[in-house]
Structure formats: C-alpha cells, structure tokens
Amino acid sequence: MEIKDKNLNYITDFMRHLLKFKLMLLAVLAFMAYSCNDTQSWMEVNPPIPVVKSAEIALDEVTAHDMTVSLNKGSGIYTMALTGTNPYITTTTLIGTLPEDSCILEFEYQLDNDLWAWGMYFAPPYTTEVQMKGLPKAYEWTKVTVDITRYRKQFDWGKKGQLIRFDWGTEKDRTLKIRNLKLRGLNDEEMLEHERQLNRDSVKAAISENYLKYLYGNYPSKVSHVEVTTDKVIITGTAAGNGSFALADITPYDNPTEVKTTFPADRKTSISSGNFSVTLDRYVDRDGFNYDRLLSRWAVIKNVEGKDTLDSHARYADDVAPIASPPYIEAPNKKGVLGLGTTKFPDGVVDIDALGVGYGVFGIIINQMVQTKVITATDEEFIYGGHKHIMSGPQTKEVQRIVDAYHSRGMQVNTYIQCYPEDYTRDSEIDPIVRHPDCNAGYQCAFNVETPAAVNAYAAFMTWIGMHWGDLIMNYYIHNEVNAPDQWCNMGHNPPEGFFMDYYMKSMHLVYNIIRQYNQNISTGITLTHHWNKAPAGEYPGKLMVDQMLQVSKVEGDWPWGLSYHPYPSNLNVPQFWSKDGSKATYQAATTPQITMNNLEVLQYWAEQPENMYKGEMRRVFCTEQGTNSPSYSNTDLRLQAAGAAWFWVKVSRLSAIKGAAWHAHADQRKEFGLRIGLRRYPDDEAQPYGRKTVWNVWRIAGSANEEKAFQTYLSDLGVDSWDNIFKNVY
C-alpha cells in the first residue's frame with residue numbers, strides 16, 4: 001500500500017527501525033542461549049537453543065477418572081465428558097528429558113460451562129497440586145498458556161518417565177474439548193516478560209533483605225510517640241548525637257529502606273539533635289490527593305554526606321482521635337459458621353436460629369465494593385481524600401443485610417477484608433488500582449499499596465466500612481491464609497518473606513488506624529493456615545510470620561492484633577485427625593509442624609506467654625475457618641465427620657484463649673476441591689439436596705444443655721473414655 005501522508009511515512013520508518021532493533025536483540029538473545037531457567041553462560045560454545053520450539057504431548061485415555069474421553073485422531077481433539085466430582089487424566093510419560101527451554105504449557109479448549117478451578121500435578125511423585133484459576137465457558141477455541149518454569153524447578157520435573165496430571169475441578173456435567181496440547185519455549189513477547197519478572201524478583205529480594213535488616217536492626221535515635229488529633233499530628237522522640245536530622249513522613253507507598261539519596265522535601269521536617277516534639281497538619285495535599293497522615297509512619301533520618309539514612313525505626317500512630325466510641329460486643333458463645341446468612345447459602349438465616357450460633361464471620365471484598373463508575377441506580381458517590389469513588393449499592397445492601405442478621409440476634413459480627421481476582425469484580429477498571437500489580441494467580445490477591453491512587457482507594461474502602469458498620473464489627477481478619485500467598489494472598493509467585501511482611505504490615509496498619517477511629521475496641525487478625533513451625537515450598541511457617549509481627553510491635557509500636565487461625569486436619573480429606581495427625585500436629589510448641597484440630601492447646605500455650613501478650617493481656621485468638629471432611633455420604637463417613645466436630649468443639653469450649661470458632665462451610669460446595677466439609681449436603685445432591693448431615697446436629701447441640709449426653713456417643717469413635725483425655729500438656 002502506498003503511504004501518501006508524510007507524517008505516516010516518518011512513523012512507518014520509525015517502526016521499521018524499531019522492528020530491526022527488536023530482531024537484532026532477539027538474535028543476540030538466541031546467541032546467548034537464553035532459556036527459561038537462565039542457567040547457561042553466554043560464553044559456552046554449545047549451539048544456541050531456539051527461542052520457540054514445541055513438542056506435542058498426548059493424554060493417556062486409560063488414566064481417565066470421573067470422565068469419559070475420546071480422541072478424534074484426524075483432528076487431534078480430545079473430548080472429555082466430566083461425569084464425577086474428581087475428574088482427572090494424565091499425559092503419557094516423557095520418553096526423555098525435556099530441554100531446559102520447554103517451559104510453556106499451551107493448549108486450546110472449548111467448554112460448555114464454567115470450571116471454577118483446575119490444577120496440575122507434576123509427577124511422580126504426586127505431592128502438591130498446582131492450582132490454577134478457572135476456565136470460563138468458551139464456544140470458540142480459546143488458548144491457554146502457563147509458564148511452568150517455577151514448577152519444573154519446584155518439583156524437579158521434566159525427566160524421563162514423568163508426566164502431568166490434569167485435574168479438571170470438582171464440577172460434573174461439563175464437556176471439555178482440548179487440542180494442540182504442547183510444551184514449547186518462549187516467544188519474543190514472553191521472553192521480554194520473563195526478563196521483566198526476573199528483574200522484579202531481584203528488586204523484591206533486595207527489598208526483603210533490607211526490610212529484615214531494618215526490622216531486627218538497632219538505631220541510635222527513636223520516635224517514641226505519635227498522636228493523631230482531629231487536625232494535627234504530634235510526633236515526639238529523640239535524635240541521638242550530632243548531625244543534620246529530619247523527621248520523615250513515610251506513606252504506605254514509600255519504602256524507607258530503599259531511598260537512594262534523599263527523602264522528598266515534602267516528606268521531611270528538619271529537627272535538632274536531642275529531644276524533639278513536632279506538630280504538623282494532619283491533612284496535606286500530596287500526589288494529587290488530600291492525604292491523611294493518619295496512615296503514615298514517622299522516623300528520624302540523618303543526612304550524611306548528602307545521603308539521607310534511617311536513624312530510627314519508623315513508628316505508626318499510638319493514639320488517634322475517636323470519631324465514635326461504641327462498646328465492645330462480646331460473642332454470647334464461641335460457636336459460628338463461616339459466611340452463614342450470605343446469599344451463597346439460601347437457608348443461612350434460618351440456620352442462624354436453628355444452630356444457635358453467637359459468633360458471626362463473613363467477608364467484605366474491596367473490588368466488589370469500590371468502583372470507578374456508576375453501574376446500578378443504587379450506587380453511591382463517596383469523596384475521600386479529595387477523590388470521587390463510587391461505592392456499590394447492591395454490595396453495601398448485602399453487607400448491611402448480613403450485619404443486621406447477625407447483630408439483631410445478639411451475635412458478634414466479624415469480617416475478613418479481602419481482594420479477589422478480576423473474575424469476581426463488578427468493574428474491571430478498579431482491579432489494576434486495588435489489586436497488587438504482581439497478582440498473577442491464586443484465588444485471592446494481596447491489596448495494592450504501591451501507588452497514591454491505590455492507597456486512596458483502599459483507605460476509602462475502609463472508611464466506608466467504618467462509617468457504616470464500625471460500631472458493630474468487632475474483629476477484622478486481614479486477607480486470607482497469608483502464609484500461603486501464591487493461592488490465598490497473591491502478589492506474584494513466592495514473594496520473599498521480608499518483602500511480603502513489609503507489605504502485609506502496611507495493609508494491616510491501614511485497616512487498623514482507619515477503623516479504630518470508629519471503634520477503639522477492635523482487633524486485626526493475621527490469617528494463617530495450619531502450618532506453624534514448618535511449611536511447604538512456597539509458603540511461610542505461621543510462627544515465623546507471627547514472630548515477625550511481634551518484632552514489628554516491638555520496634556514500630558504495638559497494637560491489638562491477634563490470630564485468625566485455620567486449624568484444618570493435616571490431610572483435609574481424612575476426617576480422623578485424632579489418630580492421623582499425631583506426627584505433624586504434636587504438643588511440642590517449638591517444633592510441631594502444624595496446629596490442627598488435634599493440638600489446639602498449642603494456640604492456648606502461645607497466647608499465655610507474656611512476650612506474646614498485648615499490654616499484659618492475651619491477644620485474641622479465633623479459629624476462623626475449619627471443618628472435617630466426610631469423604632462420602634455413607635453413614636460411616638458422616639459419623640466420623642461428626643465425631644471430629646465434637647472433639648473440636650470440646651477443645652474450643654475449654655480453651656480460654658480461643659474466642660470464637662467458625663465452621664467451614666455451611667453446606668458442601670462443588671468448588672471445594674472435592675471436599676465435603678459442610679454441615680449440609682450439596683445443594684444439588686440427588687438424594688437429599690441441601691440436606692442436614694450428622695455434623696449439623698453436633699454443631700446444633702454444641703454448647704447446649706444436652707451436649708454432654710449427646711456427645712458421649714462419639715467417645716468410642718475417638719478412642720477415649722472421657723473428654724478430659726483428649727487434652728494434652730504442651731511443652
């Protein structure tokens with residue numbers, strides 16, 4: 001085509017030069033034998049590995065489970081009819097070792113209904129399932145690509161005799177078609193993204209190392225107290241020794257350990273050596289927003305030869321002027337059911353009364369509440385920090401309905417603060433603002449606090465919650481199972497521990513400092529899986545994170561945080577934790593790998609240690625999500641599930657540190673990885689849709705006058721003759 005516009009010619013010439021440069025760059029990269037594992041030296045004389053090459057892989061139809069499968073050899077299309085709740089199939093075994101650059105798994109699919117989740121085992125051995133986000137229904141061929149670099153390393157996978165097992169979720173009555181299943185190398189776009197991620201990982205590692213040095217380091221100066229009034233911030237402390245000192249105002253999106261030369265001028269106030277007291281305006285115009293210094297940390301910095309360096313730990317607000325001062329609402333009993341009363345379970349409100357629960361827990365999700373635009377007629381405009389936000393009318397109404405259902409029955413109201421992947425949001429434009437920018441997988445995401453806009457949106461969300469329900473919500477559980485970040489608080493694959501903790505502390509303090517204005521009796525809880533002193537690859541031991549929080553409390557100022565623990569059995573599929581968890585859930589506090597329903601006494605022991613207390617009192621400990629499984633609906637399995645619930649309740653009821661226990665879930669869910677941990681059956685169960693299971697009656701009786709007599713029947717299942725005998729001393 002002839003281009004007659006002169007400007008377009010200039011643009012075209014520029015694009016040609018850019019393309020030439022890109023091709024030259026790719027040639028150099030190919031010469032350097034770039035691979036996904038990036039282990040080869042460019043000085044090696046081996047022939048370069050091609051940038052893109054692929055190998056078709058086949059499915060082994062003989063291994064199909066809970067499905068029927070057929071292959072059209074002419075088109076290469078596999079048709080899988082998912083007939084059960086645990087459908088899986090493996091590939092044929094590798095006939096040789098894969099090249100290092102075979103790290104992109106790719107296929108095309110068609111699907112007649114959504115799959116909420118799917119996963120892969122890189123086997124043998126079958127150790128850990130890699131869980132992936134769901135596949136939306138697709139009537140046209142849709143491509144899926146997964147970078148398996150990290151899984152090849154994690155599972156030492158790619159050798160002769162190994163295979164991949166594909167698990168297609170837990171939802172039956174789907175027809176899934178697959179074609180062009182292959183493993184290949186990186187294309188040029190993926191190569192550039194891979195390089196970007198390597199650089200990003202390097203930055204995270206550096207931040208992590210610097211943060212941990214800061215957290216456990218010693219500094220000569222000190223910020224001793226921070227008071228936030230209605231319009232001022234008063235900071236007192238000591239600048240030790242001689243030199244040029246300043247007081248640094250550190251926002252959540254600042255990293256004080258990463259300052260290369262000097263803090264921004266609008267972030268620091270000159271101070272003299274010795275004791276100081278500085279009073280500043282609480283609200284300032286900053287980065288396009290009317291910023292509330294309630295959210296800041298404050299540190300002494302010292303300028304040495306033109307470079308600002310930290311001379312003290314940073315400190316959050318100690319005292320904050322209250323907007324309201326409601327009383328603390330105690331739970332009438334410890335018994336709860338997670339999400340009871342939400343629209344997910346239509347009979348939930350009925351069961352609140354029938355089960356006699358007193359401890360209510362549900363979740364509020366930022367990217368279902370905050371929007372960038374009006375979507376429904378009931379949406380509301382809300383100004384925070386000089387910026388207009390749109391708050392979802394339907395979501396506000398739903399939260400109000402749940403809070404009312406709990407509070408009107410005398411229950412204590414508690415909530416998770418969560419962020420979901422983009423699949424669950426009402427406004428796709430809000431996701432890049434509130435979700436962590438590196439969130440790339442998992443079922444929930446970390447919050448974004450890296451930019452002024454992200455912090456403003458997060459603070460607006462929490463202010464909205466405080467204004468509407470701050471007087472009624474007593475405990476806030478920050479995110480979900482944060483010691484398993486890849487799946488439940490994703491900010492990219494396997495973030496270094498210091499990087500993650502720094503981020504998590506910013507998020508937790510933002511929630512606490514905003515909500516405490518509306519209620520001075522709240523606590524914020526760190527949510528943890530059952531892994532305590534040890535954890536699988538890619539996760540953190542819960543005890544490690546708790547110890548780091550205690551160190552944050554020591555050097556940056558303490559606040560009433562607690563534990564939101566999930567003491568599931570060691571193997572979630574096996575109900576008999578009392579006889580199966582012994583080696584992993586012991587009573588040795590310093591070494592037990594896990595805390596499960598078996599050894600809850602370890603939580604009590606932790607809370608009783610003086611060094612773990614807040615102002616001389618035990619921190620609040622909640623068991624906010626757990627349940628035992630019934631592998632089937634046979635009478636034997638239902639009874640074992642119920643026996644486990646009785647054991648769990650008796651321990652919870654007698655351990656004073658545990659303030660509440662929420663059973664998960666109200667009903668079995670098809671999206672729960674094949675588990676049946678609910679109090680009721682599947683809503684679509686063929687025999688008894690939504691029917692009450694044996695465990696439902698155990699949970700109803702728990703805490704009642706009939707408990708002792710009704711629970712006696714389960715002692716024989718548990719192998720004990722008295723409930724006293726299920727308790728052990730921790731050492």
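Residues numbered from 1 in each chain as written. Predicted model: local features only at pLDDT ≥ 70, side-chain atom pairs only at ≥ 80, totals over all residues. Heavy atoms only, no water.

**Some details on helix H8 (residues 452-469)**
End to end, H8 covers 25 Å across 18 residues, agreeing with the expected 26 Å (1.5 Å per residue, within 8%). Extensive coverage of H8 is indicated by the burial of 14 of its 18 residues. (Helix = DSSP H or I, 4+ residues; strand = E, 2+ residues; numbered from the N terminus. Expected span 1.5 Å × (residues − 1). Buried < 20%, exposed > 50% of the residue type's maximum accessible area, 1.4 Å probe, protein only.)

**Describing empty space enclosed by the protein**
Tallied over the full model, the rule gives seven cavities of 30 Å³ or more. Here the largest cavity defines a volume of roughly 90 Å³. Every residue lining the largest cavity is listed: Tyr253, Arg286, Phe289, Asn290, Tyr291, Asp292, Leu295, Tyr384, Gly385, Pro452, Val455 and Asn456. When residues of the lining of the largest cavity are traced back to their parent elements, those giving at least two are strand E18 (289-292) and H8. (1 Å grid on protein atoms, 1.4 Å probe; cavity = no way out; pocket = protein on both sides within 12 Å on 5 of 7 lines; lining within 4 Å. Points joined across faces, edges and corners; volume = space filled by probe spheres on them.)

**Quick look at the side chain of Asn513**
With respect to the element layout, Asn513 can be found in helix H10 (residues 497-515). Given the relative accessible area of 1%, Asn513 is considered buried.

**Comments concerning the sheet that holds strand E31 (residues 621-626)**
Hydrogen bonds along the backbone pair up the strands of a sheet, which may run parallel or antiparallel. Overall, parallel pairing links the eight strands, which are arranged E22-E23-E27-E28-E29-E30-E31-E32 in a closed barrel. The sheet shows a mean angle of 30 degrees between the axes of neighbouring strands, taken without regard to direction. Of the strands in this sheet, strand E28 (473-478), strand E29 (523-528) and strand E30 (561-565) are in contact with H10, which crosses E29 at around 150 degrees. Strands strand E22 (335-338) and strand E32 (658-663) of the sheet are contacted by helix H15 (residues 694-701), whose axis makes an angle of about 140 degrees with E22. (Pairing = 2+ DSSP bridges. Axes fitted to C-alpha atoms, helices over the stretch in contact; angles between N-to-C directions. Contact = heavy atoms within 4.5 Å.)

**What about the packing of aromatic side chains?**
The tally for this structure, following the rule as stated, stands at 32 aromatic pairs. Ring geometry for Phe122 and Trp157: centres 5.3 Å apart, planes at 80 degrees, overall edge-to-face. Of this pair, Phe122 sits in strand E7 (residues 115-123) while Trp157 sits in the loop between helix H2 (149-154) and strand E10 (163-167), and the two are 35 residues apart along the sequence. The same class applies to Phe122 and to Trp157, which are both buried. Residues Tyr416 and Tyr477 carry aromatic rings whose centres are separated by 5.5 Å and whose planes lie at 65 degrees to one another, so their mutual orientation is edge-to-face. Taken together, the positions of Tyr416 in strand E27 (residues 412-418) and Tyr477 in strand E28 put the pair 61 residues apart, joining distant regions of the chain. Exposure class is identical for Tyr416 and Tyr477. Each is buried. (Phe/Tyr/Trp six-rings, centres within 6.5 Å; stacked < 30°, edge-to-face > 60°.)

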